[in-house]
Every structure is written in C-alpha cells, then in structure tokens.
Amino acid sequence: ARPEVSHAAGVLLRPLEGSNGWDASYELEIEKERRDASHAPKANFEVVSSGYFEAIGTPLLSGRDFNEHDSMESEKVAVISKSLAKHYRDAGVEPLGQRMKVFDAMRKVVGVVADARYRGVVQAGEDVYLPHRQIDIPTKYLVLRGRVPAGELLALVRRIVKEMDPQQAVAGEATLGELIDRNTARDRFNVLLL
C-alpha cells in the first residue's frame, strides 16, 4: 500500500480499446426455453481482480465485489452489469443469488454494477465479470486510482517495477481521459469537418 495510490486492481482488457474484447456466451438458469449453443446471447467478458470496480469508478449497485474467498476451490461466481441484470428482472426475479452458465460453468451472481463502456464511449452493453482467482486467464493491465497527478503516479509505477525487475518494461500506459480521447477522435474530427 502506497499513500499515492487509493485503489489498484488487475483487468484482462482495459476499457475503450476500440473493438477489442472477448464475447462470452451465457445462459440464465431461469430461462424457460433453452437455446441451442449457436443462438446463445453474448456479453462482453472481463476477468478482474477484487477492487476493480472501485478503481475504475464503476458503481456497485447491489451485492458485493469479488474478494479473497473467491478462489478455485470456492463456489464459482460472477458480477454482471445492470443491462444484463435486466433479463432477470424482466422475468420477475432479482439477479443476486441466481445462477448463469458462462463458458460451460455455472456461476452464482453475487453483484450487479453500473453499465460500463468497454468497446466504445457510446456503446454500453451487457457485461459479465469473472474473478481472476477462478479462471485460468491472467489479468494483463493494472488499473490505478491515485491521490497524485497521473504523471507522478506513472513515475512511481515505473520506479517500483524497475526495483522489482530491472528488465521489465512498463508499456501501454494511459489515463482514462486519454483512452476516451482516442476512442472519440474520429467522431470529433467528423464534427470539426461539418
């Protein structure tokens, strides 16, 4: 824990990387009619560590975040977005405690978070989040929320990484504002032309 960092978490793919992302087929246990696998709905899929939602600023609307008890040995769990939770509510049930199949594994819904913008700033969609301790896919990005300006935080990260492993590079750093700017550059250019 460092005083400069208020929140830190890992994520498989950072938001607003354009069309990059993983789609996961899912099936809600409450569905009366089972679809065949080729017609299963899909949601944006993310692997995150505990504290990710707070670090990135996505409000937890109900339930809980992932924690150290969500391991390979414990019950499989998921956190879903508000848009995905709507399917449960449309069926007359609250999503918390319900089960859904993601990647051929049944998971209990333990939390609902606000809709996020993963593929584009204007494209909120259905998201399903799995805890990194329960799936064999590593997180690739570190998300930090700091108490100091972004430049100071990045310098701190570079220094810590160099102390841990002088051969390890820090690459691909960006603030959320920079990711938003990149994602909206074409639209802003088109507006300027008009």
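Thresholds applied
- Residues numbered from 1 in each chain as written.
- Predicted model: local features only at pLDDT ≥ 70, side-chain atom pairs only at ≥ 80, totals over all residues.
- Heavy atoms only, no water.
- Helix = DSSP H or I, 4+ residues; strand = E, 2+ residues; numbered from the N terminus.
- Buried < 20%, exposed > 50% of the residue type's maximum accessible area, 1.4 Å probe, protein only.
- Contact = heavy atoms within 4.5 Å.
- Areas by Shrake-Rupley, 256 points an atom, 1.4 Å probe, with all protein chains shown as cover.
- Core = buried A, V, L, I, M, F, W, Y, C linked by side-chain atoms within 4.5 Å.
- Phe/Tyr/Trp six-rings, centres within 6.5 Å; stacked < 30°, edge-to-face > 60°.
- Salt bridge = Lys/Arg side-chain N within 4 Å of Asp/Glu carboxyl O.
- Arc of directions from axis to C-beta.
- Expected span 1.5 Å × (residues − 1).

Quick word on the overall build of the protein
Now for step 1: Along the protein, the regular secondary structure elements total four helices and nine strands.
Now for step 2: N-terminal to C-terminal, the α/β element order of the protein is β-β-β-α-β-β-α-β-β-β-β-α-α.
Now for step 3: Of all 194 residues assigned to the protein, the portion counted as buried reaches 33%.
Now for step 4: The long-range fraction of contacts in the protein, counting pairs at least 24 apart against all pairs at least 6 apart in sequence, stands at 73%.
Now for step 5: In the form shown here, the protein has an accessible surface area of approximately 11,500 Å², with 52% of it arising from carbon and sulfur atoms.

Focus: the side chain of threonine 58
Now for step 1: For threonine 58, the position within the fold is in the loop between helix H1 (52–56) and strand E4 (60–63).
Now for step 2: Among the residues examined, threonine 58 registers a relative accessible area of 13% and is labelled buried.
Now for step 3: Excluding residues within four positions of it along the chain, threonine 58 makes contact with Phe53, Val113 and Ala114.

Comments concerning the nonpolar core
Proteins that are soluble and globular tend to have nonpolar side chains buried together.
Now for step 1: Of all hydrophobic cores here, the largest spans 20 residues; its most connected members are Phe45, Ile80, Leu84, Met100 and Val128.
Now for step 2: Among the elements of the structure, strand E2 (22–28), strand E3 (42–48), strand E5 (77–81), helix H2 (82–90), strand E6 (99–102), strand E7 (105–113) and strand E8 (127–131) are those that each provide at least two residues to this core.
Now for step 3: Residues Val77, Val79, Ala116 and Tyr129 belong to the second largest nonpolar core, which totals 15 residues.

Quick word on the packing of aromatic side chains
Now for step 1: Tallied over the full model, the rule gives four aromatic pairs.
Now for step 2: When the centroid spacing of 5.7 Å and the interplanar angle of 70° are considered together, the rings of tyrosine 52 and phenylalanine 53 count as edge-to-face.
Now for step 3: Centre to centre, the rings of phenylalanine 53 and tyrosine 129 are 4.8 Å apart; their planes meet at 90°, and the pair counts as edge-to-face. In this pair, phenylalanine 53 is assigned in helix H1 and tyrosine 129 in strand E8, connecting sequence segments 76 residues apart.
Now for step 4: Judged by relative accessible area, which is 3%, phenylalanine 53 ranks as buried.
Now for step 5: For tyrosine 129, a relative accessible area of 0% gives the class buried.
Now for step 6: Through a chain of ring-to-ring contacts, the aromatic side chains of Tyr52, Phe53, Phe66 and Tyr129 assemble into a single cluster.

Section: the pattern of salt bridges
Now for step 1: Taken as a whole, this structure holds four salt bridges when the rule is applied.
Now for step 2: Of the charged contacts in the structure, one is a salt bridge between aspartate 70 and arginine 64, with a shortest N-O distance of 2.9 Å.
Now for step 3: We note a salt bridge from lysine 86 to aspartate 90, for which the minimum N-O separation is 3.0 Å. Here aspartate 90 and lysine 86 lie together in helix H2, a separation of four residues that amounts to about one turn.

Re H2
Now for step 1: Turning to H2, its buried residues number three or more, namely Leu84, Ala85 and Tyr88. On an axial view of H2, the arc spanned by its buried residues comes to 100°, and they lie on one face.
Now for step 2: Along its buried surface, H2 packs onto E2, E3, E5, E6, E7 and E8.
Now for step 3: Glycine 92 sits one or two positions beyond H2 and adopts a positive phi of about 85°.

As for unusual backbone geometry
Now for step 1: At phenylalanine 103, a residue that is not glycine, the phi angle is positive and equals roughly 50°.
Now for step 2: Within the secondary structure layout, phenylalanine 103 lies in the loop between E6 and E7.
Now for step 3: Under the relative-accessibility criterion, phenylalanine 103 is labelled partly exposed at 42%.
Now for step 4: Even without being glycine, aspartate 104 reaches a positive phi, approximately 65°.
Now for step 5: Within the secondary structure, aspartate 104 is located in the loop between E6 and E7.

Digging into helix H3 (residues 150–164)
Now for step 1: With 15 residues, H3 should reach 21 Å at 1.5 Å per residue; the first-to-last C-alpha distance of 21 Å fits that figure.
Now for step 2: Turning to H3, the residues buried within the fold contact strand E1 (5–11) and strand E9 (141–146).

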